[in-house]
Amino acid sequence: MCGIVGYTGKQNVEKQILDALELLEYRGYDSAGMAIMDDLTGQIQVRKCAGRVSDLRNVWCQNLVSGRCGIGHTRWATHGGVCDENAHPHRVGRITLVHNGIIENYEALKDHFGLADQLVSETDTEVVAALLNHFYTGDPHQALVETVKWLKGTFALVVIFEDIPNVIFAIRNVSPIVAAYHKNGTMLASDVAALGGQADRYLVVPEYHVVELHQDAIQIYDMEDRLCEPEFLEIDWDTTRDGKGQYPFYMEKEIMEQPEVIEKTLSSRLVDGHLSLEADGVPDEVLKACERICVVACGTAMHAGLVAQNMVRSILRMPMDVEYASEFMYMDPVIDEKTLVLAISQSGETIDTLEALKYARRQGAKSIAVINVKGSSIARESDYVMYTAAGPEIAVASTKAYTTQLAALFVLVGRMAVVRGVFDEAAEKTFVNGLVQAPEAMQKVLDRREEIHHIARGLLEAKDAFMIGRGLDYSILLEGALKLKEISYIHTEAYASGELKHGTIALITEKTPVVALVTQERIRDKELSNIREVQSRGASVVLLVKDGIKLNQEDYDHVFMLPAMADGMMPFPASAALQLLAYYVSMDRGLDVDKPRNLAKVVTVE
Ligand code: F6R
C-alpha cells in the first residue's frame, strides 16, 4: 500500500506533490510527508506528520519551502505505529527516500550493517535509507543496485540524493511505479491515478531497473547500468477526478452510478442480443477446454466470485473453487492446465491476488482477469482481461466495482454456457433478457433510498449484527456484512441461516439486529423458518425480500421489497439495498464514510 510520488520540473513542486498525494490517499491515509530540494539553500527539507494530506498541507503552510524537485508519501502503516517519526520521507546522511512495500529482512540488515544508531523511527524503510547511505560514495546507480541486492520483500523506492540537484531516482520490486512526462517536467507515482489528467502517456517502471527523472528526460537503466528504451502506454483511463458532485461522500455517488456503469459493462459484451467476449479477445476455445474454474481474489472481489460460483454450479454444472488469494498458495490448490483461473480485482494491484495468479499460471492454468483499472499489474500478468467499466472508484468501500464485476462474470458464465452447448438460443435469450434488466432493477432500489435510510436508523446503536440467508442469498450477504462492518464498525457476521442453530444462535439476543435476505423462491419456506428462530430469541429483523414472495409483512420489524427479477439476477438489486444500508448507518453515526479507519483502497502488501 502507501502512495508515493515524485516531481521534478519548472513548476512549484509542493503543489504537484500535495495534489498528487490527495489523489493517492486511497492507498493509505494515516500519515503523509514530503521532501523538497530547497531552491534557496540547495538542501533537502522534509515536512511530515501523522494524519491526512490536509494535515500535511497545514504543516507545510506553517513552514514554507520553495523548490522544483521533491518526493511525497501517504502512508498505510505496516512497521511502526502511526506517528510523525514513522511517517515518510526518511532521511539518513545524503539520502532521503519514500517507500511502498515491506522489507522482510530489515532487522537482519540493521544488525549485519550496524545501522541501529542512525535510526530514529521503527520503520523498515529507514533501514533502507541507512543501507543506501552506507553504499553511497557518489555513484547513485551503484548504491541503488548494491542496496536492492540485500533486500528481501517488496519495494518501490523513490530517492533524492542531497548532492544531485533536481534528479529523482527510483527502483522497484513488485510494488508498482509509473512515470510520465508532465507539463513542464517529469513525474512518477504509485499509479496513473496520481497523474490527475496531466499526462497522456506513461511507462511502467520495469522491476529491478533504475529510473532517473530529470526536468526534461526520463531514463531507465538495467542492473548492469545499460540504458534501456522506455515503453510508453497510452492513458485511456480517466485520471481526472470530477469530485463528489451533489453527494456528501464518494460512496453515495458511486452507489448511485451503478445502473449506468453496469449498462456500460454489459453493452460491449452484448452483440445483437448475443453474449460475446470478442472485444475482450477471450477465445471460445479457452472457455470450452477448461474442466474446472478457480477464482483468486480478496475481500469484495472474492465475494463477487462467490456469487458467480452459484451461477457456474447451477448453469454450467462445473466444479468451481473460490479462494482467498492470500491463502491460495498455502492450501495446496488443485490447479492444472485444465483449470481456468479468474483473478478478480478492482485495482488490479492487490498483491495477494497477483501472487496467486502467478502461482496458478506456473501450474499451467489459463487465466482471465476481471479488472477495473486499465493496465494494472494483474491485467498485465493475465492471459486475458475483461475490464469492468466502473470508472475510478474513490471510496475505500467498494460498491460499483463489485456490481460491475458481477455483470462481467455473468456475461462470462453465460458465454461459457453458449460455447459449451448448455444454452440453446432460447436459453441465451432468457439469460440476456434477465441481465439487461439489472440496471433498471438497481435504479428502482436507488430511487427508494430514503426507505433504506429509515431502516438504517434501527441499526445505529448496535454493537453486533447478523445477516442471514441461504444459498445465493448467503453469498450476497457476505458482501453486505463486509460493507456494514468496514464503514460502520458494527461487528457484523453473515451467516448461512440454517447453520445458526449449530452454535452461533447462542449470540442472538434482543440486542443483535438481524438482516435477512430472501430472494430465492425455492428456499423461501426454509429461510422464513430460520428467521422465526432468531425472532424467538428476541432479535429484531430487517427483511429484504424479493417482491412477489408470499409472506406476512407484519411479522417483521422492517420490510424492504426488492424489485423482482429472475432469482439468479437478484444479486443486483439486493446488493444495492445492502450497500445503502451500510452507507446510511455509517453516515448517521457521523463517520468518515469514504475513509474508514485502518483501511486503504489498494492493498499492495501481503
Ligand atoms: C471492501 C474492499 C476490499 C477489496 C479488496 C480487494 O470494500 O474494497 O475488500 O475488495 O481489498 O481489492 P481489489 O479488488 O482492488 O483487488
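Structure's up top.
Residues numbered from 1 in each chain as written. Predicted model: local features only at pLDDT ≥ 70, side-chain atom pairs only at ≥ 80, totals over all residues. Heavy atoms only, no water.

**Student:** Please clarify how helix α11 (residues 351-362) should be interpreted in this entry.
**Tutor:** Three- or four-residue spacings in an α-helix give side chains the same orientation, since the helix completes a turn every 3.6 residues. The first and last C-alpha atoms of α11 sit 16 Å apart over twelve residues, in line with the 16 Å expected at 1.5 Å per residue. Along α11, the positions that sit buried rather than exposed are I351, D352, T353, L354, E355, A356, L357, K358, Y359 and A360. With its phi angle positive at about 100°, G364 sits one or two positions after the end of α11. (Helix = DSSP H or I, 4+ residues; strand = E, 2+ residues; numbered from the N terminus. Expected span 1.5 Å × (residues − 1). Buried < 20%, exposed > 50% of the residue type's maximum accessible area, 1.4 Å probe, protein only.)

**Student:** Can you help me understand the layout of surface pockets in this one?
**Tutor:** The gaps left among the atoms become clear once a water-sized probe is rolled over them. Computed from the structure, the largest pocket encloses a volume of approximately 540 Å³. As for the largest pocket, its lining consists of 27 residues, of which C298, G299, T300, K601 and V603 are closest to the centre. Of all the secondary-structure elements, those providing two or more residues to the lining of the largest pocket are α9 (299-316), β20 (339-345), α11 and α17 (472-488). No other element matches α17, which puts four residues into the lining of the largest pocket. (1 Å grid on protein atoms, 1.4 Å probe; cavity = no way out; pocket = protein on both sides within 12 Å on 5 of 7 lines; lining within 4 Å. Points joined across faces, edges and corners; volume = space filled by probe spheres on them.)

**Student:** Please clarify how the sheet that holds strand β26 (residues 541-546) should be interpreted in this entry.
**Tutor:** In sheet architecture, strand pairing relies on hydrogen bonds along the backbone and comes in two forms, parallel and antiparallel. If you walk across this open sheet you meet the five strands as β24-β23-β25-β26-β27, and the pairing is parallel. The open sheet is flanked by β24 (491-496) and β27 (558-562), the only strands paired with a single partner. Across the sheet, the mean angle separating the axes of adjacent strands is 15° when strand polarity is ignored. Sheet analysis places strand β23 (residues 464-469) next to β24, joined by six bridges and oriented parallel. (Pairing = 2+ DSSP bridges. Axes fitted to C-alpha atoms, helices over the stretch in contact; angles between N-to-C directions.)

**Student:** Help me out: how do you make sense of helix α2 (residues 53-62) in this one?
**Tutor:** Inspection of α2 places V53, L56 and W60 among the buried residues, and these make up the whole buried set. Across the axial projection of α2, the buried residues extend over an arc of 50°, all falling on one side. Opposite the packed face of α2, turned more than 90 degrees from it, sit the exposed residues C61 and Q62. Those residues of α2 that are buried are in contact with α1 (13-24), β2 (31-38), β3 (44-50) and β4 (67-75). (Arc of directions from axis to C-beta. Contact = heavy atoms within 4.5 Å.)

**Student:** Any chance you could explain the site of the ligand here in plain terms?
**Tutor:** Contacts to the ligand come from 15 residues, most closely from S345, Q346, S347, T350 and E486. A distance of 2.9 Å separates an oxygen atom of the ligand from a polar side-chain atom of K483. E486 places a polar side-chain atom, nitrogen or oxygen, 2.5 Å from an oxygen atom of the ligand. Against a free-state accessible area of 400 Å², the protein chains account for coverage of 89% of the ligand. Comparing atom positions with the cavity grids shows the ligand to sit within the largest pocket. For the shell around the ligand, the secondary structure elements donating two or more residues are α9 and α17. Class assignment of the residues belonging to the shell around the ligand gives a composition of six nonpolar, seven polar and two charged. (Near = heavy atom within 4 Å. Polar contact = N/O pair within 3.5 Å; in protein donor to acceptor, adjacent residues only side chain to side chain. Areas by Shrake-Rupley, 256 points an atom, 1.4 Å probe, with all protein chains shown as cover. Sits in = over half its atoms within 2 Å of the grid points. Nonpolar A, V, L, I, M, F, W, Y, C, P; charged D, E, K, R; others polar.)

**Student:** Can you help me understand the environment of D163 in this one?
**Tutor:** Residue placement: D163 occurs in the loop between β7 (153-161) and β8 (168-173). Setting aside residues no more than four positions away along its own chain, D163 makes contact with R94 and Y136. At 3.0 Å, the side chain of D163 forms a polar contact with the side chain of R94.

**Student:** Would you take a moment to explain unusual backbone geometry for this structure?
**Tutor:** The phi angle of most residues is negative, glycine excepted, and most peptide bonds adopt the trans form. H88 connects to P89 through a cis peptide bond whose omega is 0°. When you line up the elements, P89 lands in the loop between β4 and β5 (90-92). Notably, V174 is not glycine yet its phi reads approximately 70°, a positive angle. Its place among the elements puts V174 in the loop between β8 and β9 (178-182). Its relative accessible area of 13% is what places V174 among the buried residues. Positioned with a positive phi, D225 is a non-glycine residue whose angle comes to about 70°. Positionally, D225 belongs in the loop between β13 (218-221) and β14 (227-228).

**Student:** What should I look at first to understand the packing of helix α13 (residues 400-419) against helix α14 (residues 425-436) in this one?
**Tutor:** Each pair of packed helices can be described by the angle between their axes along with the distance between the axes. Orientation of α13 relative to α14, taken along the N-to-C sense of each, is 175°, at an axis distance of 11 Å. With respect to each other, α13 and α14 are oriented roughly antiparallel. Here F410, V411, G414 and V418 of α13 lie close against α14, whose contacting residues are E428, F431 and L435. Of the residues belonging to the contact of α13 with α14, the class tally is five nonpolar, one polar and one charged. (Parallel < 35°, antiparallel > 145°, perpendicular 65-115°, else oblique.)

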